[in-house]
Amino acid sequence: MAAAPDIEFAGQSESDIRRGSDHESFLAHKGMRWLKVSFGLSLVAILGYAFADVTPRPNGGTWYGYLLGTLGALLIAWLSLLGVRKRAFTAGRWSLKAWTSAHVYLGLSLIVIATLHTGFQFGWNVHTLAYALMILVILSGVYGIIVYAVLPQELSNNRREMTQGQMIESLAAIDRQLEQAAQPLAREEADLIIAALGQDTFAPGVFARLTGRYRNCLTERALAELADQTSDEAHERVVVLLRKRDGQLEQIRRHLRLKALLEVWLYVHVPLTVALLAALAAHIVSVFYYW
């Protein structure tokens, strides 16, 4: 069976991330060049906010507020192009790794730039909505960075040199042995095994996938009921196989859970980015309409 494809993030495959010690990550790209750029940009914005000659106080409606707002809007528009950029191959200064590094650090600088643009004035309006969506997009991106820094190693450890296909193949082999081993059992006991083998153990849904909690697992139920019964050779073989099946299920479920945690943030990050672009457009139009 074919090996499961690598998960990709920031231009690096899961394999690359696991070998992180041998490769420069996008966060450390070129001596953290884009972190320095973002820090400088944020510092200039803070100094400008502190010393700009605006009355009665800095806010989004002053010349400095418009300056920060324009910079923030251009940054958001550029940052949203990362998905498009991933489909093009370039190397060197504008490689995907460099682009992603800039995406991360310039995205974080938006917290400073956009907050100063607001002048710390918030309300129930489209302007604050755009700001709130921007913060949520940034937080979901931070979550993505954290999980991709932590989980690939756990994923690798859990695999124990096996691919996803090999794990499922191993489970199928145990099932075949278990089906045969259960034949000498009494009808009621054999029914427990048949029910466990017939259950779709991966169907419970997104919550179970993300938490790793699979309620009403019939394999666990069969194991609990048969493990304490009077032992004979047939029972012992079935119980051993049930324990192997339970362990194999646990490995597969953990594998699926880690993959889901690695991928789920994109189902939040991307829609929030689209919503942010829509709110940002409404924010800009409303500002110029009432100007």
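Located above this text is the structure these notes cover.
Residues numbered from 1 in each chain as written. Predicted model: local features only at pLDDT ≥ 70, side-chain atom pairs only at ≥ 80, totals over all residues. Heavy atoms only, no water.

Colleague: Whenever I open this one, the overall build of the protein confuses me. Can you help?
Modeller: Along its length, the protein carries 12 helices and two strands. Counted from the first residue to the last, the protein has its helices and strands arranged as β-β-α-α-α-α-α-α-α-α-α-α-α-α. In the protein, which comprises 291 residues, the proportion classed as buried is 42%. Working note: accessible area of the protein is about 16800 Å², and carbon and sulfur atoms make up 62% of it. (Helix = DSSP H or I, 4+ residues; strand = E, 2+ residues; numbered from the N terminus. Buried < 20%, exposed > 50% of the residue type's maximum accessible area, 1.4 Å probe, protein only. Areas by Shrake-Rupley, 256 points an atom, 1.4 Å probe, with all protein chains shown as cover.)

Colleague: Just checking my understanding: could you explain the nonpolar core for this structure?
Modeller: It is characteristic of soluble globular proteins that their nonpolar side chains tend to be buried jointly. With 31 residues, the main nonpolar core has Tyr-64, Leu-110 and Met-134 as its most contacted residues. Within the residue set of this core, elements represented by two or more residues are α2 (29-51), α3 (63-79), α5 (96-118), α6 (126-159) and α12 (266-289). Of the residues forming this core, the biggest block, eight residues, is contributed by α5. Beyond its immediate chain neighbours, meaning those up to four positions away, Tyr-64 contacts Val-44, Ala-45, Gly-48, Tyr-49, Ala-52 and Val-54. The next biggest cluster of nonpolar side chains, apart from the first, holds 13 residues, and it includes Leu-178, Ala-181, Leu-241 and Leu-242. (Core = buried A, V, L, I, M, F, W, Y, C linked by side-chain atoms within 4.5 Å. Contact = heavy atoms within 4.5 Å.)

Colleague: I'm lost on the packing of α2 against α5 in this one. Help?
Modeller: Helix-helix packing is described using two parameters, namely the angle between the two axes and the distance between the axes. Contact geometry of α2 with α5 gives a least axis separation of 9 Å together with a crossing angle of 15°. In this view, α2 runs roughly parallel relative to α5, as classed from their interaxial angle. Handedness of the crossing formed by α2 with α5: right-handed. Residues His-29, Trp-34, Leu-35, Val-37, Ser-38, Leu-41, Ser-42, Ala-45, Ile-46 and Tyr-49 of α2 pack against Lys-97, Ala-98, Ser-101, Ala-102, Tyr-105, Leu-106, Ser-109, Val-112, Ile-113 and Leu-116 of α5. (Axes fitted to C-alpha atoms, helices over the stretch in contact; angles between N-to-C directions. Parallel < 35°, antiparallel > 145°, perpendicular 65-115°, else oblique. Left-handed = near helix turned anticlockwise from the far one by under 90°.)

Colleague: Help me understand a nonpolar patch on the surface in this model?
Modeller: A surface patch of nonpolar side chains, amounting to about 370 Å² of accessible area, comprises Leu-108, Ile-111, Val-142, Ile-146 and Val-150. Those elements that provide at least two residues to the nonpolar patch are α5 and α6. Element by element, the count of residues in the nonpolar patch is highest for α6, at three residues. Considering the arrangement of structural elements, one finds Leu-108 in helix α5. (Patch = residues over 30% accessible without salt bridge, like charges linked within 9 Å, V, L, I, M, F, W, Y side chains within 5 Å. Salt bridge = Lys/Arg side-chain N within 4 Å of Asp/Glu carboxyl O.)

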